[in-house]
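Here's the letter readout for the chains.
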Amino acid sequence: MKLINNQELDVTVTAVAPVGSMVDVEGVEGFIDQVKHPSWWSDETPPPQVGDRLHAVVLDDSRNPPRLSGLQVDIDIARRLRGDTVS
(Lines give C-alpha, C1' and ligand atoms only; values in the text may rest on other atoms or scores of the structure.)
Protein backbone atom coordinates (compact mmCIF):
# COMPACT_ATOMS: atom_id res chain seq x y z
CA MET A 1 0.00 0.00 0.00
CA LYS A 2 1.23 3.48 -0.87
CA LEU A 3 -0.12 6.42 1.08
CA ILE A 4 -1.25 9.40 -0.99
CA ASN A 5 -2.01 12.99 0.02
CA ASN A 6 -5.56 13.62 1.29
CA GLN A 7 -6.24 9.88 1.69
CA GLU A 8 -8.30 8.97 4.78
CA LEU A 9 -7.34 5.87 6.73
CA ASP A 10 -7.72 4.10 10.03
CA VAL A 11 -4.35 3.81 11.76
CA THR A 12 -2.96 2.09 14.84
CA VAL A 13 -0.51 3.89 17.14
CA THR A 14 2.71 1.86 17.41
CA ALA A 15 4.97 4.24 19.37
CA VAL A 16 4.56 7.50 21.27
CA ALA A 17 7.19 10.19 21.81
CA PRO A 18 7.04 13.81 23.06
CA VAL A 19 7.03 15.06 19.45
CA GLY A 20 4.33 12.76 18.08
CA SER A 21 3.25 9.21 17.35
CA MET A 22 4.31 6.54 14.91
CA VAL A 23 1.35 4.77 13.34
CA ASP A 24 0.80 1.69 11.22
CA VAL A 25 -1.51 1.57 8.20
CA GLU A 26 -1.71 -1.97 6.85
CA GLY A 27 2.04 -2.46 7.25
CA VAL A 28 3.00 1.07 6.16
CA GLU A 29 4.54 3.39 8.76
CA GLY A 30 3.36 6.97 9.22
CA PHE A 31 3.87 9.80 11.71
CA ILE A 32 1.35 12.06 13.45
CA ASP A 33 2.92 15.20 14.94
CA GLN A 34 1.75 15.94 18.48
CA VAL A 35 -0.16 19.05 17.31
CA LYS A 36 -2.02 16.94 14.73
CA HIS A 37 -3.47 14.65 17.41
CA PRO A 38 -6.81 15.77 18.94
CA SER A 39 -5.41 15.52 22.50
CA TRP A 40 -3.15 18.52 21.83
CA TRP A 41 -6.25 20.73 21.45
CA SER A 42 -8.65 19.18 24.00
CA ASP A 43 -8.28 18.38 27.68
CA GLU A 44 -11.11 15.86 27.22
CA THR A 45 -9.22 13.75 24.65
CA PRO A 46 -6.60 11.46 26.16
CA PRO A 47 -3.08 11.51 24.74
CA PRO A 48 -2.22 8.75 22.27
CA GLN A 49 -1.26 5.34 23.60
CA VAL A 50 0.27 2.36 21.79
CA GLY A 51 -2.56 0.29 20.34
CA ASP A 52 -5.00 3.19 19.95
CA ARG A 53 -6.98 3.27 16.69
CA LEU A 54 -7.42 6.66 15.03
CA HIS A 55 -9.03 7.95 11.85
CA ALA A 56 -6.46 10.09 10.05
CA VAL A 57 -5.64 11.79 6.77
CA VAL A 58 -2.34 11.91 4.85
CA LEU A 59 -0.91 15.45 4.82
CA ASP A 60 2.44 14.84 3.12
CA ASP A 61 3.17 11.59 1.32
CA SER A 62 6.64 12.78 0.23
CA ARG A 63 8.07 12.66 3.77
CA ASN A 64 9.71 9.57 5.22
CA PRO A 65 7.67 8.46 7.06
CA PRO A 66 4.57 10.10 5.55
CA ARG A 67 2.95 12.76 7.77
CA LEU A 68 -0.66 12.29 8.85
CA SER A 69 -3.21 14.18 10.92
CA GLY A 70 -5.96 13.00 13.23
CA LEU A 71 -7.63 16.43 13.36
CA GLN A 72 -11.17 16.70 12.00
CA VAL A 73 -10.35 20.07 10.43
CA ASP A 74 -7.59 18.45 8.32
CA ILE A 75 -9.91 15.56 7.39
CA ASP A 76 -12.56 18.09 6.28
CA ILE A 77 -10.00 20.00 4.18
CA ALA A 78 -8.90 16.76 2.50
CA ARG A 79 -12.53 15.90 1.71
CA ARG A 80 -13.02 19.32 0.10
CA LEU A 81 -9.81 18.90 -1.92
CA ARG A 82 -11.03 15.46 -3.09
CA GLY A 83 -14.44 16.93 -3.91
CA ASP A 84 -16.23 14.88 -1.24
CA THR A 85 -19.19 16.29 0.65
CA VAL A 86 -18.25 17.56 4.11
CA SER A 87 -20.90 16.91 6.75
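Nothing here was measured: the structure is a model prediction, and the numbers come from that model.

Reading the values: rules and limits
- Residues numbered from 1 in each chain as written.
- Predicted model: local features only at pLDDT ≥ 70, side-chain atom pairs only at ≥ 80, totals over all residues.
- Heavy atoms only, no water.
- Salt bridge = Lys/Arg side-chain N within 4 Å of Asp/Glu carboxyl O.
- Helix = DSSP H or I, 4+ residues; strand = E, 2+ residues; numbered from the N terminus.
- Buried < 20%, exposed > 50% of the residue type's maximum accessible area, 1.4 Å probe, protein only.
- Pairing = 2+ DSSP bridges.
- Axes fitted to C-alpha atoms, helices over the stretch in contact; angles between N-to-C directions.
- Contact = heavy atoms within 4.5 Å.
- Polar contact = N/O pair within 3.5 Å; in protein donor to acceptor, adjacent residues only side chain to side chain.

### Some details on the pattern of salt bridges
Line of reasoning, step 1. Summed over the entire model, instances satisfying the criterion amount to four salt bridges.
Line of reasoning, step 2. In this structure, the salt-bridge partner of K36 is D74, at a minimum N-O distance of 3.0 Å. Here D74 lies in helix 1 (residues 72-82) and K36 lies in the loop between strand 3 (28-33) and strand 4 (53-60), a separation of 38 residues in the sequence.
Line of reasoning, step 3. Here K36 falls in the partly exposed class, since its relative accessible area comes to 25%.

### Things to note about the sheet that holds strand 5 (residues 67-69)
Line of reasoning, step 1. On the basis of which strands lie adjacent, the closed barrel formed by five strands has the order 1-2-3-5-4 and mixed pairing. With strand direction ignored, the average angle separating the axes of adjacent strands in the sheet is 55°.
Line of reasoning, step 2. Judged from the five bridges that link them, strand 1 (residues 8-17) and strand 4 form a sheet pairing that is antiparallel. Bridge pairing in strand 4 links T12 to R53.
Line of reasoning, step 3. Its contacts with the sheet put helix 1 on strand 1, strand 4 and strand 5, and the angle it makes with strand 4 is roughly 55°.

### Regarding the pairing of strand 3
Line of reasoning, step 1. Across six bridges, strand 2 (residues 20-25) lies against strand 3 in antiparallel orientation. Its bridge partner being in strand 3, M22 is matched across the sheet by F31.
Line of reasoning, step 2. Counted between consecutive antiparallel strands, the loop separating strand 2 from strand 3 contains two residues, among which E26 sits at a positive phi close to 50°.
Line of reasoning, step 3. Here strand 3 runs beside strand 5; their pairing, made up of two bridges, is parallel. Within strand 5, the position partnered with I32 by the bridge is L68.

### Digging into the pairing of strand 4
Line of reasoning, step 1. The pairing of strand 4 with strand 5 spans three bridges and is classified as antiparallel. When the bridges of strand 5 are listed, V57 appears paired with S69.

### Quick notes on the environment of P46
Line of reasoning, step 1. Along the chain, the position of P46 falls in the loop between strand 3 and strand 4.
Line of reasoning, step 2. Look at P46 and you get exposed, because its relative accessible area is 56%.
Line of reasoning, step 3. Distance in space between the C-alpha atoms of P46 and A15 is 15 Å, their sequence separation being 31 residues.

### Details of the side chain of D74
Line of reasoning, step 1. On the basis of relative accessible area, D74 is assigned to the buried category, the value being 11%.
Line of reasoning, step 2. Reaching out from D74, the side chain makes a polar contact with the side chain of K36 at a distance of 3.0 Å.
Line of reasoning, step 3. A polar contact of 2.6 Å, which involves the side chain of D74, links it to the side chain of S69.
Line of reasoning, step 4. Residues within four places of D74 in sequence aside, it is in contact with K36, V57, L59 and S69.

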